[in-house]
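Reading the structure
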Amino acid sequence: MSEQGGELEAVIGLEIHIQLATATKMFCSCALSFGDPPNTHTCPVCLGLPGSLPVANARAVHFGLMIGLALGSELAPRSIFHRKNYFYPDLPKGYQISQYDEPLCRGGHLGEVRIHRVHLEEDAAKLTHLGASGRIHGSDASIVDFNRGGTPLAEIVTEPDLRSAEQAGEWLKLLRTTMRRLGVSDVNMEEGSLRCDANISLRAAGSEQLGVKTELKNMNSFRFIERGIRAEIARQQKLIAGGGTVTQETLHFDPASGAITSLRSKEEAHD
Amino acid sequence: MSSDLLELTAAQAAGRIAAGELSAAALFAFYRERAAADRAGGEDGLNCFTWVAEGAAADAPAGSLGGVPLAVKDLFCTRGVPSQSGSRILEGYEPPYTATAVERLREAGAPLLAKTNQDEFAMGSSNENSAYGPVRNPWDRSRVPGGSSGGSAAAVAAGLAPWALGTDTGGSIRQPAALCGIVGLKPTYGSVSRYGMIAFASSLDQAGPLTRDVRDAALMLAQMVGQDSCDATSLQFPGEIGVPSAERLDGVRLGVPAELSGEGIEAGVKEAFDRSLEQAAALGAELLDVSLPHAPHALSAYYVLAPAECSSNLARFDGVRYGIRAEGAADLLDMYTRTRHDGFGPEVKRRIMLGTYALSSGYYDAYYGRAQRVRTKIAEDFAAAFEQVDFILTPTAPTVAFALGEKTGDPLAMYLNDYCTVPMSLAGIPAISIPCGLSGGLPVGLQLAGAAFSENKLLDAAHALERALAFDGSPAHV
């Protein structure tokens, strides 16, 4: 296999965000929607208006527990939500409600791949940057659609048990089928109800040590995931072969050009 | 007629309306005029209000509160009415929804009369941190009314509103009630919904009544308590809040903690407090010494926890969706920075910085985690004390009302105002302040605290003491 590049082997872990197929959002009673006119499914809670308070969606918690049972995880007897604070226009409260040290589920496995944890969180709103850059820096204006804001997500984090792009793609398909059978999500990558980030590092084959990893963000199709991981493995191999070292950073894969670029720190902060 | 109306407590006014002897519209008009005059009075007024109803009450559904108009602290969201939490960053902000506590009181027959001035985001003990100017104390216009519910307290004390709604995070109902010579109750945490209260410190904030007497406080509280599906921390109050009627304290055990009633308490306050203890004994109460060994650390823990929570709660004021937005910013970060620079006052900025530091990576456990452990110790102290006594008595505030400007340059001196009230807030237990006498012509408050959900018994004990103390609640100038 090409990405094992002789004596080096790839070590891959995945972080998968699954949009839960509940009727309403994670912390309010607004309906979930896709493709509706912007800002038509909002309320004081998901807009983060002053004085509003979140109330956890019982069905989302139930779905999270079902995922944990399907993956053979240990279900937390007591689980708490935390605030992840950062400033960004797609985050109306200035923090995302997520889970930190007491996630809903810990451990488990699917096939050969061990599960690190499963936790619940809310999705951010959708930002569109107007202008040539397509990014917030240098845009003429940015507009926010809060319909998606507050959508319930289950984040599934694997242990670094995958060894190739193909294996990662295959495993992700198994996870998708499992989630679909459970009925907890549409797991549709085009609509963003299944999103995947990959942590990738290289090490000497057979070693127990982990190398320095990079994080490849938000790949939105199975084909792109495999291509992206393959491209990043090749990039790291080339770097190491040239006597360089991998630095820990967050990367973006552009499926059109096949290029991998580093995300700027301000954008990186929001992950 | 006018002076006659001014004499009525809310309960008495509701009774007259129910008996057909007084029209709700006339009562509303009477108070609306008084409140509007204060608002129009500028320097001559007390500056109690940030908004006053323009005409008759939109609607005053018949209910047990009978149409008695209500003044509401600015930080409660009121649909279509400015709700600014005393801050410039929310100048002119009109929410699309009404806070649960205000809505419940309206449905029970208390129409919205006015919004009251407060310290910005409820951070302060003198009402001098308001973007809308300081409130004056009706007992002495050169002095502060206390804070942060200073506008609510001064309005009730001056007869500009029959009663008012406030919030208490570390003493923000009880301390201004004490400094203005009225009754203020902080209920058990979770008994009143926080939905629609612009948050300061979510694990401490509680809504409660500021009233002329204990009976009015019970009447208002009865309509506020209860679980709310919009506030996951709200609880079903066990039983109903009744009308307090006790006149004796026979068999009631009252604990006096040395930690909160000795050092740092002004002599005049201490004298009034000691006289109250004598009255309590005369009513049949048994007075006992109790110890709250961790209470002296309460203020330190509070000034880690409350700023930590506020630094997160106030992150949403970023200029993106509501409130003011700084013009001419170069980019997103510049817009955030300038908006928050222009929109927040100095005390709010101080606490956001303290809180952000306390929560920052690597310091979380040393500050926030440790303060939480102190909080647990304080709650355990109270639990142990309530094994021995029914209620704990302390002075509400260490001093009487101080001069405007006297403590604005010294934040630590300002924070000491809440020395006696913060421990109860950290423990989440109910506490009431009732006026217990004068020192140098200024009111002194007596605080009674009870175990969680002991409001009925607490109000009864406060009622008996109130009758015996017979405080004359009219400031000289009204």
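Scroll up to find the structure.
First, a word on scope: everything that follows refers to the structure included in this document. Note that the structure is predicted; figures quoted are calculated from it, not measured.

**As for the interface of chain A and chain B**
With 24 residues of chain A in contact, the opposing surface of chain B contributes 28 residues. When chain A packs against chain B, the two sides together hide about 2000 Å² of surface, and 59% of this comes from carbon and sulfur. Summed over the three residues of chain A that lose the most area to chain B, namely P50, L53 and F87 of chain A, the buried surface amounts to 33% of that side. Across the contact surface, chain A and chain B share 0 salt bridges.

**Some details on the packing of aromatic side chains**
Under the defined criterion, the tally for this structure stands at 17 aromatic pairs over all chains. A ring pair is formed by F87 of chain A and Y336 of chain B, whose centres lie 5.4 Å apart and whose planes are at 45 degrees; its orientation type is tilted. With one member in each of two chains, F87 of chain A in the loop between β3 (82-85) and β4 (95-98) and Y336 of chain B in helix α10 (residues 332-343) form a pair that bridges those chains. Since its relative accessible area comes to 5%, Y336 of chain B is described here as buried. Pairing Y364 of chain B with Y368 of chain B gives two aromatic rings, centres 5.3 Å apart and planes at 35 degrees, and the pair type is tilted. Of this pair, Y364 of chain B and Y368 of chain B both sit in helix α12 (residues 364-388), separated by 4 residues, roughly a single helical turn. We classify Y368 of chain B as buried; its relative accessible area is 14%.

**Thoughts on α12 of chain B**
All names here are of chain B. With 25 residues, α12 extends 36 Å from end C-alpha to end C-alpha; this agrees with the ideal 36 Å at 1.5 Å per step. Looking at α12, one finds that the buried residues are Y368, G369, A371, R375, I378, D381, F382, A385 and F386. For α12, the elements touching its buried residues are β8 (286-290), α9 (298-313), α11 (346-359), β9 (391-395), α14 (422-427) and β11 (442-449).

**Here's the deal with the state of the cysteines**
Residues and elements named next belong to chain A. Throughout the structure, instances matching the rule amount to 0 disulfides over all chains. Of all cysteine sulfurs, the one in C30 lies closest to C43, which takes part in no disulfide; the gap is 3.7 Å. Since its relative accessible area comes to 19%, C43 is described here as buried. C196 provides the cysteine sulfur closest to C105, a residue in no disulfide bond, and the two sulfurs are 18 Å apart.

**Let's talk about helix α7 (residues 214-224) of chain B**
Residues and elements named next belong to chain B. Buried within α7 we find V214, D216, A217, A218, M220, L221 and M224. In this structure D213 caps α7, since a side-chain oxygen of it lies 3.4 Å from the backbone nitrogen of R215. G226 sits one or two positions beyond α7 and adopts a positive phi of about 130 degrees.

**Quick word on the layout of surface pockets**
Residue and element names in this part refer to chain B. Estimates place the volume of the second largest pocket at around 750 Å³. Forming the boundary of the second largest pocket are 27 residues, of which T9, R212, D213, F471 and G473 lie nearest the centre. Where the lining of the second largest pocket is concerned, the elements lending two or more residues are α1 (2-7), α2 (10-18), α5 (150-157) and α15 (455-469).

**Structural notes on the pairing of strand β6 (residues 206-211) of chain B**
Looking along a regular strand, one sees the side chains alternate between the two faces of the sheet. Residue and element names in this part refer to chain B. Burial analysis of β6 places 6 of its 6 residues in the buried class, which makes it a mostly covered element. With 5 bridges joining them, strand β4 (residues 164-168) and β6 adopt antiparallel strand pairing. Bridging from a neighbouring strand, D168 pairs with Q206 of β6. Bridging between strand β5 (residues 183-186) and β6 involves 2 bridges; their strand directions are antiparallel. The residue of β6 that forms the bridge with G184 is L210.

**Some words on the side chain of S202 of chain B**
Position of S202 of chain B among the secondary structure elements: in the loop between β5 and β6. Judged by its relative accessible area of 15%, S202 of chain B is buried. Excluding anything up to four places from it in sequence, S202 of chain B contacts R83 of chain A together with Y189, R194, E309 and N313 of chain B.

**Some words on the sheet that holds β8 of chain B**
Residue and element names in this part refer to chain B. Taken together, the 11 strands give an open sheet; going across it, the order is β1-β3-β2-β4-β6-β5-β10-β11-β9-β7-β8, and neighbouring strands pair in mixed fashion. In this open sheet, the two edge strands, each paired with only one partner strand, are β1 (49-52) and β8. Recorded for the sheet is a direction-independent mean angle of 30 degrees between the axes of neighbouring strands. In this sheet, β11 lies alongside β9 in antiparallel orientation, the contact comprising 4 bridges. Among the inter-strand pairings, P395 is bridged to a residue of β11, identified as L446. Against the sheet, α12 contacts β7 (253-257), β8, β9 and β11, and its axis sits at roughly 115 degrees relative to β9. Against the sheet, α15 contacts β5, β9, β10 (431-439) and β11, and its axis sits at roughly 10 degrees relative to β10.

The rules we used
- Residues numbered from 1 in each chain as written.
- Chains lettered and ligands numbered in written order.
- Predicted model: local features only at pLDDT ≥ 70, side-chain atom pairs only at ≥ 80, totals over all residues.
- Heavy atoms only, no water.
- Contact = heavy atoms within 4.5 Å.
- Buried area = accessible area lost by both parts, 1.4 Å probe.
- Salt bridge = Lys/Arg side-chain N within 4 Å of Asp/Glu carboxyl O.
- Phe/Tyr/Trp six-rings, centres within 6.5 Å; stacked < 30°, edge-to-face > 60°.
- Helix = DSSP H or I, 4+ residues; strand = E, 2+ residues; numbered from the N terminus.
- Buried < 20%, exposed > 50% of the residue type's maximum accessible area, 1.4 Å probe, protein only.
- Expected span 1.5 Å × (residues − 1).
- Disulfide = S-S within 2.5 Å.
- Polar contact = N/O pair within 3.5 Å; in protein donor to acceptor, adjacent residues only side chain to side chain.
- 1 Å grid on protein atoms, 1.4 Å probe; cavity = no way out; pocket = protein on both sides within 12 Å on 5 of 7 lines; lining within 4 Å.
- Points joined across faces, edges and corners; volume = space filled by probe spheres on them.
- Pairing = 2+ DSSP bridges.
- Axes fitted to C-alpha atoms, helices over the stretch in contact; angles between N-to-C directions.

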